[in-house]
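# Structural characterization, general
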Amino acid sequence: MCHLKQFINFRKLLALTKVQPKCVLYSTKCREKEVIISKSRNIFENLALEDWLYKHADLNNRNYLFMWRNTPAVVVGRHQNPWLECDVTSVLKQKVDLARRNSGGGTVFHDEGNLNCCFLTSRKLYNRKSNLELVVDALTSYWDIDLSINKREDIVLNGLYKISGTAAKLGGERSYHHFTLLINVNKNKLHNLLQSPLVGVKTRATESVPSHIMNLQDVNEDINYENLTDVISNKFLQNDLVKRKEFVNPTEDSYPGYNKILNDLKTFKWIYAKTPNFEISRAFQIEIDSKVIHTEIVIEIQKGLIYNIEFSLKLNEMDLTHIVNRFKDVPYDTTELLPVLDVLENENNDAIYKFFLRCIRQTLNI
């Protein structure tokens, strides 16, 4: 009888303290879980696999944690302007991949010192805060480091330095939440490439918010990609009897329909033409024959193509509209624009003509 009373009292205590079984923490809801780690280091291949999982994985019955890293890449958000978010010319010259992801949020720089985590689940179980708490709990339980989650739902180190940017995609019944973890990213390259040289841009595109950053290895040199993925995987799977963890090479054979997703992510139409329409305007002046000439150039970009060039430059009744027409519908791409400029610059040696072309070149930063 005494034991029965003790049992009843214990049950009451649980109810009063609202103790929850561990399996409902971190948005798992006692469902099956699986960790997938990509062997690929290519940003397009990994974004394609992430999108394939979002579209085809059984998110109604299982939660997934997908992790990967990439060779150097700049990744803009779905609604962003790559020309405003980074130095596109330098990115391409340095053979750094430029990609657009399906989620919103700001632009990030990836290299092999950066871990990417993606939590995929049903829409009704979407909870980005609990995903971040899982990672913070995993890292602080294993290493003596000061991590917290700020109001923007970024993971910060020592209360100030951002080590993780976060973004999400929410569908009718599906969702994913993904974020970066800076392990030992090349900070100089990050800062240099994520600086746009363009000025005078008028756009409605989502703009990134700059932050102070720090690498995890700045406070603990023992942290690396391998042990970080292990620690996070173990936390995610800690209550599962069957530990589902798989290292994969994303291919069409393993994921039917994968190649189409991959090819679409690499197109000009997706990376550049998805950019909301924008304008670039700049003012210039030059002195010719002791006379100062002023002009303002306004270049309109629509769907990644030069749509129109407006200017206030009239002298000697020179008709410059044919120059404007030569740029019409040319992709805003250095490899496409330079040949047009080279031809035009060899057609006429007039100072005003040359000045106008120089204004266009500088406005577009090519």
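All values reported here derive from a predicted model rather than from experimental measurement. (Residues numbered from 1 in each chain as written. Predicted model: local features only at pLDDT ≥ 70, side-chain atom pairs only at ≥ 80, totals over all residues. Heavy atoms only, no water.)

### What to know about the overall build of the protein
A count of helices and strands for the protein gives twelve helices and 16 strands. If you line up the protein on its principal axes, its C-alpha atoms span 110 × 45 × 35 Å. Across the 366 residues that make up the protein, the buried fraction comes to 48%. In the protein, 72% of the contacts between residues at least 6 apart in sequence involve partners at least 24 apart. A total accessible area of about 18,700 Å² is found for the protein, and carbon and sulfur atoms account for 48% of it. (Helix = DSSP H or I, 4+ residues; strand = E, 2+ residues; numbered from the N terminus. Buried < 20%, exposed > 50% of the residue type's maximum accessible area, 1.4 Å probe, protein only. Contact = heavy atoms within 4.5 Å. Areas by Shrake-Rupley, 256 points an atom, 1.4 Å probe, with all protein chains shown as cover.)

### Some details on the pattern of salt bridges
One pass over the full model with this rule turns up 15 salt bridges. Among the salt bridges present, the one from R62 reaches E32, with a minimum N-O distance of 2.6 Å. One end of the pair, R62, is in strand β2 (residues 62-68); the other, E32, is in strand β1 (residues 32-38), with 30 residues separating them in the sequence. Of the residues examined, E32 reaches a relative accessible area of 37% and is grouped as partly exposed. Notably, a salt bridge pairs D218 with K187, separated by 3.0 Å at the nearest N-O pair. Pair noted here: D218 is in the loop between β12 (201-203) and α7 (225-236) and K187 is in helix α6 (residues 187-193), with a separation of 31 residues, a long-range link. Its relative accessible area of 43% is what places D218 among the partly exposed residues. When salt bridges that share partners are traced, they join E32, E34, R62 and R244 into one network. (Salt bridge = Lys/Arg side-chain N within 4 Å of Asp/Glu carboxyl O.)

### Describing empty space enclosed by the protein
Within the structure shown, the criterion is met by four cavities of 30 Å³ or more. In this structure, the largest cavity encloses a volume near 130 Å³. Every residue lining the largest cavity is counted, 16 residues in all, and those nearest its centre are W83, V88, T89, Y332 and L364. In terms of residue count, helix α4 (residues 88-93) provides more of the lining of the largest cavity than any other element does, three residues in total. (1 Å grid on protein atoms, 1.4 Å probe; cavity = no way out; pocket = protein on both sides within 12 Å on 5 of 7 lines; lining within 4 Å. Points joined across faces, edges and corners; volume = space filled by probe spheres on them.)

### Observations regarding the layout of surface pockets
The calculated volume of the largest pocket comes to roughly 940 Å³. What lines the largest pocket is a set of 41 residues, and nearest its centre among them are T107, V108, K162, S208 and V209. A per-element tally of the lining of the largest pocket places strand β11 (residues 174-182) first, with four residues. Counted by class, the lining of the largest pocket contains 15 nonpolar, 18 polar and eight charged residues. (Nonpolar A, V, L, I, M, F, W, Y, C, P; charged D, E, K, R; others polar.)

### A few points about the packing of helix α5 (residues 128-142) against α7
As a packed pair, α5 and α7 sit with axes 9 Å apart at the nearest point and diverge in direction by 120°. Put simply, α5 runs oblique to α7. Relative to α7, the crossing made by α5 is right-handed. When α5 is examined against α7, the residues L134, V135, D137, A138, L139 and Y142 are found in contact with a partner set consisting of L228, V231, I232, K235 and F236. Considering only residue class, the contact of α5 with α7 consists of nine nonpolar, no polar and two charged. (Axes fitted to C-alpha atoms, helices over the stretch in contact; angles between N-to-C directions. Parallel < 35°, antiparallel > 145°, perpendicular 65-115°, else oblique. Left-handed = near helix turned anticlockwise from the far one by under 90°.)

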